[in-house]
Amino acid sequence: MAGQLTGIRVVEFLGLGPAPFGCLLLADLGAEVLTVTRPGQSTAAMVRNRSLLELDLKDPQSVAFVREVIDTADVVVESFRPGVVERLGLAPERLRERNPGLIVTRMTGWGQTGPLAPRAGHDINYIAITGALDLARRPGLAPMPSANLVGDFAGGGMYLVIAVLSALVERARTGAGAVIDVAIVDGTTYLTTMLHEYRNLGMWSDTPGTNRLDTGAPYYDSYETADGGYVAVGALEDKFFEQLADVLGLTPEERVGREDKENWPRLRERIAATIRSRTRAEWTEIAERVDACIAPVLSLAEAGTHPQLAARGVLHRTSGDGWVPVLPLGHTAAPVDAAELLERWGFGVPAAELGGVGIPSQGT
């Protein structure tokens, strides 16, 4: 099956986190992605559906070669620190002079401008200054990052793909490419839109763990079960809370005033005690019968065994107990050798004959 982005050519300079994730998504949507790696660079993760080409960008011949390849591309994705591609002789403006329809996507944490632009950082740093990290903590406890999902992949990688797709639409209308400054801090800040609006309306407190969505409300939290597992409860609306109350056996008195924060400690204690009376498996079975908004908290190893994810086909088993997430609307193809892809793009000289160029094993 052809992907939605079939015919789109992407040259990716392999980096970490959000950029390879964004290019993974572009590749899974059908784009042809030529991934340029450094000599000896690890390519263990997030390079499926890609053609890998090893280039020493300190070698002028290699830079000249990749510049010619970019002349035939639709999109370039780079995640170097600001100024690096300029020093390599691959400045976006220079590339677009040669290829006016080219979309150059610059993926960084802090962005190309601002006082922190030249500084190093990782997901936890980026989400820290946006307020997103402060949301993930209980009163009196330190913030707990959710791995690097919020900054790198949601605020960064997904934002990158949206920016590229938008630029492709604009190019189809005008014929002009673009240089896009994609920053994790920008995308992550945008993710907090609803909470900023709630705060502006007086519906969100700056005190952690006192709001409906940050574990403040007892009907929106995780609770330990009898066997040491956990279930997530998210009965926000009245109709779902009533079904939760029925499942938990709450008395009429215990159901009254659930929005009164004075009642939250008492209600939390009651919910916690009842959840502890059954195992996670028992609560999972109950959750499948009623709209009480209860779900088991599963590990990555367990997620693929859940009937809902299995029905959606979003996780494919690898060897052992491993899983590979896939995009249901995407396009999964066998990786193409870089020499074959380059020939398809009109480059008849085998890459292996060029100085500083090699073709490593392909990603799966």
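Residues numbered from 1 in each chain as written. Predicted model: local features only at pLDDT ≥ 70, side-chain atom pairs only at ≥ 80, totals over all residues. Heavy atoms only, no water.

**So, the packing of helix α6 (residues 149-174) against helix α7 (residues 184-191)**
- The geometry of α6 relative to α7 is characterised by a closest axis approach of 8 Å and an angle of 100 degrees between their N-to-C directions. With respect to their mutual orientation, α6 and α7 come out roughly perpendicular. When α6 is examined against α7, the residues Val 150, Gly 151, Asp 152, Ala 154, Gly 155, Gly 156 and Tyr 159 are found in contact with a partner set consisting of Ile 184, Asp 186, Gly 187, Thr 188 and Leu 191.
- Each residue belonging to the contact of α6 with α7 can be placed in one class, and the counts come to five nonpolar, five polar and two charged. (Axes fitted to C-alpha atoms, helices over the stretch in contact; angles between N-to-C directions. Helix = DSSP H or I, 4+ residues; strand = E, 2+ residues; numbered from the N terminus. Parallel < 35°, antiparallel > 145°, perpendicular 65-115°, else oblique. Contact = heavy atoms within 4.5 Å. Nonpolar A, V, L, I, M, F, W, Y, C, P; charged D, E, K, R; others polar.)

**Examining the packing of aromatic side chains**
- Going through the model one piece at a time under the given rule, you end up with six aromatic pairs.
- Judged by centre distance (6.1 Å) and plane angle (70 degrees), the ring pair of Tyr 219 and Phe 241 falls under edge-to-face. Separated by 22 residues along the polypeptide, Tyr 219 in the loop between α8 (193-200) and β7 (220-224) and Phe 241 in helix α9 (residues 238-248) bring together distant segments of the chain. For the pair formed by Tyr 219 and Phe 241, the shared burial category is buried. (Phe/Tyr/Trp six-rings, centres within 6.5 Å; stacked < 30°, edge-to-face > 60°. Buried < 20%, exposed > 50% of the residue type's maximum accessible area, 1.4 Å probe, protein only.)

**Section: the layout of surface pockets**
- For the largest pocket, the calculated volume is near 870 Å³.
- Every residue lining the largest pocket is counted, 29 residues in all, and those nearest its centre are Phe 21, Leu 24, Arg 48, Val 324 and Pro 325.
- At the level of secondary structure, the elements contributing two or more residues to the lining of the largest pocket comprise α1 (18-28), α6, α13 (300-303) and β11 (323-325).
- Ranked by residue count, the leading element in the lining of the largest pocket is α1, at four residues.
- Looking at the lining of the largest pocket, its residues break down into 22 nonpolar, four polar and three charged.
- Considered as a void within the structure, the second largest pocket measures approximately 730 Å³ in volume.
- Lining the second largest pocket we find 31 residues, and of these Gly 15, Leu 16, Gly 17, Ser 79 and His 122 sit closest to its centre.
- Elements with a minimum of two residues in the lining of the second largest pocket: α1, β5 (103-108) and α5 (123-130).
- Of the residues that constitute the lining of the second largest pocket, the class distribution is 16 nonpolar, ten polar and five charged. (1 Å grid on protein atoms, 1.4 Å probe; cavity = no way out; pocket = protein on both sides within 12 Å on 5 of 7 lines; lining within 4 Å. Points joined across faces, edges and corners; volume = space filled by probe spheres on them.)

Fair warning: the whole summary comes from geometry, so function is off the table for now.
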